[in-house]
Amino acid sequence: MLRPWVGVHSSSSSTTTNPCCFITTFPSSSSSSSSSSSASQIRVSMAAASSIRIGIVGDVEFQLIIFSTEFSRKHDDWDLQEDTKALQFLQPDKECGDFGNENVELVKSVSELKLPKAVILGNHDCWTTQQFSQKKKDRVQLQLECLGEEHVGYRRLDFPNLKLSVVGGRPFSHGGNRIFREKLLSSRYGVQDMNGSAKKICKASVGTPEGHSIVLLAHNGPTGLGSEKNDICGRDWVHQGGDHGDPDLEQAISNMKETTKFPIPLVVFGHMHKELASRNGRLRKMIVVGADNTIYLNGAIVPRVKKLFHEQQTGTGSSSTEGAPVSLALEPSGTVRGFTLVEINDGKLDKIAETWVSIIGDEIKIEEELILFQSGMRASSL
């Protein structure tokens, strides 16, 4: 249920092709950076010399709007024309998965976005396909072919101009201690258990170019980030709560930090919706700063699209002069679409914000910005 992109050519040295979370990157016009060295203030270093903006779209499994909301819990919320306008306005460099219930046309639309991007497919992207078909192309295969090398499940995608590499976690994750679609993962990727999955994620990082930082992109987050209902990967649909993270991702992150010299400043995922299952207005924690300053970021703003309406007069005449009845009808006029933006300036993670962009015809503007993290601000660590 997650994805990324930027206006540069990207290359990959890994061989496996897998998709669906989605990140996009753009050079940022901001040049600010943090100079604080206080231990109580979070500073996250990245190797990239240039300023970068990463745009994250999580859980585009259509329940209406990928960034538009008919106030339903949809995943298929993606519109190539509208979201392209918003992303060109925001100028990000990446995105994240769960595009819909094996919605090949939606994935094809995302693949046509003319921006460098990284994607990882989620559980809804293999909703009915349970194992690999030897006789015909199933809808999972069609989605993977649409995305090509931009799908980063169990593989790495390098952005040389940004000094950044995206390493993908396990595709099709449903969260929790059991592997979802075990037959599918076994036949396509040779993965049969959590330990094998963790090793495959780590293997994808081998060969990361010198001087790069690694951003991990997964459909679901790792275990170990809390077990309350509103925690970043907490089970909000059962009374007792619980940790619904992926144990293989936690193991892979730990192993990569122990065995590689590359910093992992950011882990991006989705799947666990910001609005809790109770729908009583309670919201999920969408960001966690680890003890080693790795930032764990959930981009699953669902629903992420809200429709805008304007009043349209119907009938004729004026009630004040002619006594004729006048009625007003609500007509759609545009949308407001949600993104998570990460800004990196002078090699340091500078700002993370939930950003809502309104699109009314060719008029595009930021409607609201919720700051989740900013360099120099105090942040609670896990």
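Residues numbered from 1 in each chain as written. Predicted model: local features only at pLDDT ≥ 70, side-chain atom pairs only at ≥ 80, totals over all residues. Heavy atoms only, no water.

An unreviewed UniProt entry lists the protein under the name Calcineurin-like phosphoesterase domain-containing protein, with Papaver somniferum given as the organism.

Draft legend 1. Expanded view of the packing of aromatic side chains. In this structure the tally under the stated criterion is one aromatic pair. For the pair Y154 and Y189, a centre-to-centre distance of 5.5 Å together with 70° between the ring planes defines the contact as edge-to-face. Here Y154, found in the loop between α3 (139-147) and β7 (156-159), pairs with Y189, found in helix α4 (residues 182-189); they are 35 residues apart in sequence, far enough to count as distant. The buried category is assigned to Y189, whose relative accessible area is 7%. We note K306 situated over the ring of W356; from NZ or CZ to the ring centre the distance is 4.3 Å. (Phe/Tyr/Trp six-rings, centres within 6.5 Å; stacked < 30°, edge-to-face > 60°. Helix = DSSP H or I, 4+ residues; strand = E, 2+ residues; numbered from the N terminus. Buried < 20%, exposed > 50% of the residue type's maximum accessible area, 1.4 Å probe, protein only. Lys NZ or Arg CZ within 6 Å of the ring centre and 35° of its normal.)

Draft legend 2. A look at the sheet that holds strand β8 (residues 164-168). Across the sheet, six strands lie side by side as β7-β8-β9-β10-β12-β11; this open sheet has mixed pairing. Pairing within the sheet leaves two strands with one partner each, and these edge strands are β7 and β11 (287-289). Recorded for the sheet is a direction-independent mean angle of 15° between the axes of neighbouring strands. Pairing analysis gives three bridges linking strand β9 (residues 213-217) to strand β10 (residues 266-269), with the strands arranged parallel. From the neighbouring strand, V215 faces β10, where its bridge partner is L266. Here helix α5 (residues 194-205) sits on the sheet in contact with β7, β8 and β9, set at roughly 160° to β8. (Pairing = 2+ DSSP bridges. Axes fitted to C-alpha atoms, helices over the stretch in contact; angles between N-to-C directions. Contact = heavy atoms within 4.5 Å.)

Draft legend 3. Structural detail: the nonpolar core. F172, I201, L216, F269 and Y296 are the most contacted members of the largest nonpolar core, which has 37 residues in total. Within the residue set of this core, elements represented by two or more residues are α3, α4, α5, β9, α6 (247-259) and β10. Counting residues per element, this core draws most heavily on α5, which supplies five residues. Setting aside residues no more than four positions away along its own chain, F172 makes contact with L121, G122, N123, C126, V140, F180, L184, L185 and Y189. (Core = buried A, V, L, I, M, F, W, Y, C linked by side-chain atoms within 4.5 Å.)

Draft legend 4. Representation of unusual backbone geometry within the structure. Here the phi dihedral of R181 falls at roughly 55°; this positive angle occurs in a residue that is not glycine. Within the secondary structure layout, R181 lies in the loop between β8 and α4. The backbone of H271 shows a phi angle near 70°, a positive value even though the residue is not glycine. Within the fold, H271 resides in the loop between β10 and β11. With a relative accessible area of 9%, H271 lands in the buried category.

Draft legend 5. The environment of V206, seen in detail. Tracing the backbone shows V206 in the loop between α5 and β9. Linking V206 and M256, residues 50 residues apart in sequence, is a C-alpha distance of 9.5 Å.

Draft legend 6. Highlighting α5. The first and last C-alpha atoms of α5 sit 17 Å apart over twelve residues, in line with the 16 Å expected at 1.5 Å per residue. For α5, every residue scored as buried is listed here: M194, S197, A198, I201, C202, A204 and S205. Down the axis of α5, the sector holding all buried residues measures 155°, keeping them to one side. Among the exposed residues of α5, those oriented more than 90 degrees off its buried face are K199 and K203. One or two steps after α5, the chain reaches G207, where phi turns positive at roughly 95°. (Expected span 1.5 Å × (residues − 1). Arc of directions from axis to C-beta.)

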